Amino acid sequence: MSLIPSFFGSRRNNTFDLWDPFQEFPFTGGALSVPGETASFANTRIDWKETPEAHVFKADLPGVKKEEVKVEVEEGRILQISGDRRVEKEEKNDKWHRVERSSGKFMRRFRLPENVKVNEVKAAMENGVLTVTVPKAEVKKPDVKAIDISG
């Protein structure tokens, strides 16, 4: 299974749909077909890795101040990272040759798996990289009781 969503397969219906990497696993509730859960701009690149202790999200946000970024966890374990990248002021005598850096609002949303502690999410911004750490809940192992065999 690839961690990268397929634009040609059935994993996603739209480029801006929420991507649920756990959708095909038997322990989750299924697809993310909740109306209104699309991002207006999905131009912010975000890496999501899982460690034994947590899920870690890293977003490259060069030139964006931490005050311009919002990290939220909504009901249903949806992690939302949003913000606004400001346009540089134009001076009267400026002559632009090329404009490649994006500006405007951005928003990315991820459905978190069931084994996370949504009340302990931490976020830090350093050198234009936002790191969001979502700790995992300890998996409770089922109690196993040995049964004596008579006879």
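Residues numbered from 1 in each chain as written. Predicted model: local features only at pLDDT ≥ 70, side-chain atom pairs only at ≥ 80, totals over all residues. Heavy atoms only, no water.

Visitor: Which residues make up the packing of aromatic side chains, and what values go with them?
Guide: Inspection of every chain in the model, using the stated rule, returns 3 aromatic pairs. Relative to F110, the ring of W48 has its centre 5.7 Å away and its plane inclined at 75 degrees; by these criteria the two rings are edge-to-face. A residue pair is termed long-range when its members are at least 10 positions apart, and W48 in strand β1 (residues 46-50) and F110 in strand β5 (residues 104-111) qualify at 62 residues. F110 matches W48 in its accessibility class, with the two residues each being buried. Summarising the aromatic geometry, the rings of F57 and F110 are spaced 5.2 Å apart at their centres and angled 45 degrees between planes, so their arrangement reads as tilted. One end of the pair, F57, is in strand β2 (residues 54-60); the other, F110, is in strand β5, and 53 residues separate them in sequence. (Phe/Tyr/Trp six-rings, centres within 6.5 Å; stacked < 30°, edge-to-face > 60°. Helix = DSSP H or I, 4+ residues; strand = E, 2+ residues; numbered from the N terminus. Buried < 20%, exposed > 50% of the residue type's maximum accessible area, 1.4 Å probe, protein only.)

Visitor: Give me the layout of surface pockets: which residues, what numbers.
Guide: In this model, the second largest pocket occupies a volume close to 440 Å³. Taken together, the residues of the lining of the second largest pocket sort by class into 4 nonpolar, 3 polar and 9 charged. (1 Å grid on protein atoms, 1.4 Å probe; cavity = no way out; pocket = protein on both sides within 12 Å on 5 of 7 lines; lining within 4 Å. Points joined across faces, edges and corners; volume = space filled by probe spheres on them. Nonpolar A, V, L, I, M, F, W, Y, C, P; charged D, E, K, R; others polar.)

Visitor: Provide a residue-level description of the environment of V87, including the pertinent values.
Guide: Relative to the assigned elements, V87 resides in the loop between β4 (78-85) and β5. Linking V87 and S103, residues 16 residues apart in sequence, is a C-alpha distance of 5.6 Å.

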